[in-house]
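# Reading the structure
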Amino acid sequence: MTETILLDRPSVTVSDFRCTAVPGDPPFAERYHCHSVSYVRKGSFGCHSRGRFFELVAGSVLVGHPGDEYVCTHDHVCGDECLSFFLDPELVEAIGARPEIWQVGAMPPLPELMVLGELAQAAADGKSDVSLEEVGQIFASRFVDLVAGRSPKAAQATSRDRRRAVETALWIDAHSEREIDLEGAAGQAGISPFHFLRLFSGVLGVTPHQYLVRSRLRHAARLLADEERSITDIAYDVGFGDLSNFVRTFHRAAGVPPLKFRQASRGKRKIFQERLTLN
């Protein structure tokens, strides 16, 4: 089993697990050290937990409860991959789950969780402007809703809450060249990250990280149109830590790469006309 830590935040740690066990390998007991939800991205395995046995396949979710012992088996298809979210106790309390919800052991492939699992994988691969931290909290909250049999409800925002969301959005936009994570933005608003994520998304229709990325794109578009700085300098100046990520994200948003966008801003309208014709 190999583990790659993809994200380490106070509320959520995300790891990529890849197991190469084969039939005949002796199983051994392990113990959950915190609340966790693990999305099975590929392969299959079995799991003994709390006196029950589960067969997990791609799309299933392994659920961890602190202190519980579990044993994984590999009697069928060899090899599996999981994207695992380890949750801080304060986040679990904020989500509002009863203790028994975290003792279900596993969840079958459910569309409500599978689509979020794939969104999480896209975020892990840098192909989504939702952050891995955000989708981890959304994934855990949706799991709790499903087990509890409740429908997700939009946060009811007061005038004060709306002001918080708007003021924090303006702060994010003014400092978008910085590294801003969910905890930092929530601290600016003065509320917990989980409640801030729900509030911000409910009031403004985008997650904080989506707004951060789009602010960076907006600033980049202005600089590409107005200034002669290199595309690399602009990418780093607006907050992108990786040039290829900037080019990919800008292309996805604008429909053309940064260089062609700059050329179009200089009067080469044919670039956008060709794009519209292709679409």
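The paragraphs below set out a description of the structure included in this document. (Residues numbered from 1 in each chain as written. Predicted model: local features only at pLDDT ≥ 70, side-chain atom pairs only at ≥ 80, totals over all residues. Heavy atoms only, no water.)

## Some thoughts on the overall build of the chain
- Across its full length, the chain carries 11 helices and 9 strands.
- Expressed along its principal axes, the backbone C-alpha trace of the chain runs to roughly 70 × 45 × 30 Å.
- The burial tally for the chain puts 47% of its 279 residues in the buried class.
- A separation of at least 24 residues holds for 67% of the contacts in the chain among residues at least 6 apart in sequence.
- Carbon and sulfur atoms make up 53% of the accessible area of the chain, which totals about 14,300 Å².
- Each charge sign in the chain was given a centre, from 32 positive and 36 negative side chains, and these centres are 9 Å apart. (Helix = DSSP H or I, 4+ residues; strand = E, 2+ residues; numbered from the N terminus. Buried < 20%, exposed > 50% of the residue type's maximum accessible area, 1.4 Å probe, protein only. Contact = heavy atoms within 4.5 Å. Areas by Shrake-Rupley, 256 points an atom, 1.4 Å probe, with all protein chains shown as cover. Lys, Arg positive; Asp, Glu negative; His and termini not counted. Charge placed at Lys NZ, Arg CZ, Asp CG, Glu CD.)

## Examining the environment of Ser-36
- The residue Ser-36 is located in strand 4 (residues 35-49) in this model.
- Residue classification places Ser-36 among the buried residues on the basis of a relative accessible area of 3%.
- Here the alpha-carbon distance between Ser-36 and His-65, two residues 29 residues apart in the chain, equals 6.9 Å.
- In contact with Ser-36, other than residues within four places in its own chain, are Leu-62, Val-63, Gly-64, Phe-85, Phe-86 and Trp-102.

## Description of helix 5 (residues 182-189)
- Burial in helix 5 covers these residues: Leu-182, Glu-183, Ala-185, Ala-186 and Ala-189. Projection of helix 5 onto a plane perpendicular to its axis shows the buried side chains occupying an angular sector of 165°, all on one side.
- Here the buried face of helix 5 lies against helix 3 (132-148), helix 4 (159-174), helix 6 (193-204) and helix 7 (208-226).
- A distance of 3.3 Å separates the backbone nitrogen of Glu-183 from a side-chain oxygen at the start of helix 5, and that oxygen is part of Asp-181.
- Phi turns positive one or two residues past the end of helix 5, at Gly-190, with a value near 85°. (Arc of directions from axis to C-beta. Polar contact = N/O pair within 3.5 Å; in protein donor to acceptor, adjacent residues only side chain to side chain.)

## Topic: a nonpolar patch on the surface
- Where nonpolar side chains cluster on the molecular surface, the patch consists of Val-166, Leu-170 and Leu-204 and spans about 250 Å² of accessible area.
- Counting through the fold element by element, Leu-170 comes out in helix 4.
- With relative accessibility at 54%, the residue Leu-170 sits in the exposed group. (Patch = residues over 30% accessible without salt bridge, like charges linked within 9 Å, V, L, I, M, F, W, Y side chains within 5 Å. Salt bridge = Lys/Arg side-chain N within 4 Å of Asp/Glu carboxyl O.)

## Thoughts on the packing of helix 4 against helix 6
- Following both chains from N to C, one finds helix 4 and helix 6 inclined at 90°, their axes separated by 9 Å at the closest point. Put simply, helix 4 runs roughly perpendicular to helix 6. Facing Asp-161, Arg-162, Arg-164, Ala-165, Thr-168, Ala-169 and Ile-172 of helix 4, the residues of helix 6 in contact are Phe-196, Leu-199, Phe-200, Val-203 and Leu-204.
- For the contact of helix 4 with helix 6, the per-class residue count stands at 8 nonpolar, 1 polar and 3 charged. (Axes fitted to C-alpha atoms, helices over the stretch in contact; angles between N-to-C directions. Parallel < 35°, antiparallel > 145°, perpendicular 65-115°, else oblique. Nonpolar A, V, L, I, M, F, W, Y, C, P; charged D, E, K, R; others polar.)

## Section: the side chain of Asp-161
- Tracing the chain through its elements places Asp-161 in helix 4.
- Excluding its chain neighbours within four sequence positions, the residues that come into contact with Asp-161 are Gln-156 and Leu-199.

## Side note on the environment of Val-92
- Mapped onto the fold, Val-92 is located in helix 1 (residues 89-95).
- Put simply, Val-92 and Gln-137 are 45 residues apart on the chain and 9.4 Å apart in space, counted from C-alpha to C-alpha.
- With residues up to four places along the chain from it excluded, the contact list for Val-92 reads His-35, Leu-87, Ala-97 and Trp-102.

## Considerations on the packing of aromatic side chains
- For the structure shown, the criterion picks out 10 aromatic pairs.
- Relative to Phe-139, the ring of Tyr-39 has its centre 6.3 Å away and its plane inclined at 75°; by these criteria the two rings are edge-to-face. Here Tyr-39, found in strand 4, pairs with Phe-139, found in helix 3; they are 100 residues apart in sequence, far enough to count as distant. Considered together, Tyr-39 and Phe-139 belong to a single accessibility category, that of buried residues.
- Plain terms: the ring middles of Phe-246 and Phe-250 are 5.7 Å apart, the flat faces sit at 50° to each other, and that makes the pair tilted. With Phe-246 and Phe-250 both in helix 9 (residues 243-254), this residue pair falls 4 residues apart, about one helical turn. As far as burial versus exposure is concerned, Phe-246 and Phe-250 are alike and both buried.
- By way of ring pairs, the aromatic residues Phe-240, Phe-246, Phe-250 and Phe-261 are connected into one cluster. (Phe/Tyr/Trp six-rings, centres within 6.5 Å; stacked < 30°, edge-to-face > 60°.)

## A short note on the pairing of strand 8 (residues 80-87)
- Counting buried positions along strand 8 gives 8 out of 8 residues, so the element sits mostly inside the fold.
- Residues Asp-80, Cys-82, Ser-84 and Phe-86 line one face of strand 8 and the alternating positions Glu-81, Leu-83, Phe-85 and Leu-87 line the opposite face, and both faces are buried.
- Summarising the sheet, strand 2 (residues 12-19) and strand 8 pair through 8 bridges and their orientation is antiparallel. Among the inter-strand pairings, Cys-19 is bridged to a residue of strand 8, identified as Asp-80.
- Pairing analysis gives 8 bridges linking strand 4 to strand 8, with the strands arranged antiparallel. Note that in strand 8 the partner of Tyr-39 across the bridge is Leu-83. (Pairing = 2+ DSSP bridges.)

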